[in-house]
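Examination of the molecular architecture
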Amino acid sequence: MSAEEIDARRYAITDTLDDPAGRDDPRERLFIATELVRRTGEPVQAVSGSWGGGGKWLARRLETTVPGLSTRLHHGLREVLDGRTEPLVTVVDEVLGQVGGRLWVGHKRAGVP
């Protein structure tokens, strides 16, 4: 995965990271948090050189690449469903920290003015 692709994923994660907070609808929190967990796993696989996987393979690959990460993401997801976002935000920020941190201000994608 190129640096530009990693930056695009960092930007997408950063953009999604604040979405679960303040949501009263548990259905919205479910879909937002699930997307956040999936997106967070992608750069981990990329920087580790692991084969990219989705669904059950994402959980399996994350566990072999970074033991305990899949479990922590799962715990964070469950907490979001109960209205507590901090555990998931903490894990996501740790992952983002390994690939350059949150990306928001000044990010531009190729072809986008």
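Structural notes, computed from the coordinates. These numbers come from a predicted model, not from an experiment.

1. Points about the overall build of the chain
What the chain contains, in helices and strands, is five helices and zero strands. Going residue by residue from the N terminus, the α and β elements of the chain occur as α-α-α-α-α. Residue burial in the chain is summarised as follows: out of 113 residues, 34% are buried. Contacts spanning at least 24 positions in sequence make up 55% of the contacts within the chain whose residues lie at least 6 apart. As displayed, the chain has an accessible area near 6,800 Å², and 52% of this comes from carbon and sulfur atoms.

2. Let's talk about the packing of helix α3 (residues 56-65) against helix α4 (residues 69-81)
At their nearest, the axes of α3 and α4 sit 7 Å apart, and the two run at 125° to each other. With respect to α4, the axis of α3 lies oblique. Residues A59, L62 and E63 of α3 form the contact with α4, whose participating residues are L69, S70, T71 and L73. In the contact of α3 with α4, the residues fall into four nonpolar, two polar and one charged.

Rules and cut-offs
Residues numbered from 1 in each chain as written. Predicted model: local features only at pLDDT ≥ 70, side-chain atom pairs only at ≥ 80, totals over all residues. Heavy atoms only, no water. Helix = DSSP H or I, 4+ residues; strand = E, 2+ residues; numbered from the N terminus. Buried < 20%, exposed > 50% of the residue type's maximum accessible area, 1.4 Å probe, protein only. Contact = heavy atoms within 4.5 Å. Areas by Shrake-Rupley, 256 points an atom, 1.4 Å probe, with all protein chains shown as cover. Axes fitted to C-alpha atoms, helices over the stretch in contact; angles between N-to-C directions. Parallel < 35°, antiparallel > 145°, perpendicular 65-115°, else oblique. Nonpolar A, V, L, I, M, F, W, Y, C, P; charged D, E, K, R; others polar.

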